[in-house]
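# Notes for the structure review
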Amino acid sequence: MRGISVVILLGAPGVGKGTVAQYLKDKYNAYHFSTGNLLRNEVEKGSDIGNKVEDTLRSGGLVGDEIVNELVKQNIEKVVSDGSVVVLDGYPRTKNQAIVLDDMLSGKLKEVIRVIEIDVDKECLVARLSKRRVCIKCGNTFGPQDGVTICSCGGKLIKRKDDEESVIRNRLKKYEEDTLPVSRYYADRLVNVSGDGSPVDVVRRVDVILHSLGIEKRR
Ligand SMILES: [Zn+2]
């Protein structure tokens, strides 16, 4: 098991998990597994799993634990031998998934899992999310701190219905309820990091944490 490190990012919608994941990909040469992307890849490949989940994804439903667990397992097994950092975001979503993850690689994965929970004050999150805009072409999201009015792909930026204040409050509440058992499960492997300030501030804090865990930048 030498080499591979698994970093799980926890944090409510809007705390900047995507930014941190992208940073780890760029600077730590990390594999970034988000369940959404893994599932969409399967659909594109037309694999058995892809065919099974296509309709669920299209209707915006949640894909069952068993399929998601299997997909994560397959992808981790593919990269386990090359000494990489694996970043998980959006998984595990439930305590049950966390238990399954610990059991992967004959129970050895457990030893290399570290969890970073990004914290942002709830009222700040509401303010941040209600100012969020999404590109109608590629789906990238932008906050006021990005200072852009049009996406680099040329797409127009719009405010999603999901980013209305009342919807945001409900989403945050649901997130808390769903994730609390997961962060409790990881209590002894979890480091909290403040998500306040600019993305640069946040990734600097993440660097310090990873360094203390013996995970270093690759480029
Ligand atoms: Zn775009």
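Scroll up a little and you will see the structure.
Let us look at the structure shown here. Just so you know, these numbers come straight off a predicted model, no measurement behind them. (Residues numbered from 1 in each chain as written. Predicted model: local features only at pLDDT ≥ 70, side-chain atom pairs only at ≥ 80, totals over all residues.)

## Considering unusual backbone geometry
For the record, the criterion: Here a helix means four or more residues in a row that DSSP labels H or I, a strand means two or more in a row labelled E, and each is numbered from the N terminus. Residues with at least 20 other C-beta atoms within 10 Å of their own are called buried, those with 12 or fewer are called exposed, and the rest are partly exposed. The C-beta atoms themselves are positioned from the backbone.
The residue after Tyr91, namely Pro92, is reached through a cis peptide bond having omega -10 degrees. If you trace the backbone, Pro92 turns up in the loop between strand 3 (85-89) and helix 5 (95-103). Look at Leu105: it is not a glycine, yet its phi comes out positive at around 50 degrees. Looking at where Leu105 falls in the secondary structure, it is placed in the loop between helix 5 and strand 4 (113-119). According to the C-beta neighbour criterion, Leu105 is partly exposed, with 17 such atoms within 10 Å. We note that Ser106 has phi near 50 degrees; this positive angle belongs to a residue other than glycine. Along the chain, Ser106 falls in the loop between helix 5 and strand 4. Taking the C-beta count within 10 Å as the criterion, Ser106 has 7 such neighbours and is therefore assigned exposed.

## A word on the sheet that holds strand 7 (residues 157-158)
Here is the rule: By definition, two strands form a pair when at least two bridges between them are found by DSSP.
Taking strand neighbours across the sheet as the criterion, the 3 strands line up as 6-5-7 in an open arrangement whose pairing is antiparallel. What marks the edges here is a single partner per strand, and that holds for strand 6 (141-142) and strand 7. Two strands pair when backbone bridges link them, and strand 5 (residues 133-135) and strand 6 are joined in this way by 2 bridges, in the antiparallel orientation. Opposite Val134, over in strand 6, you have Thr141 as the bridge partner.

So, to be careful, I would describe these as geometric facts and stop short of saying anything about function.
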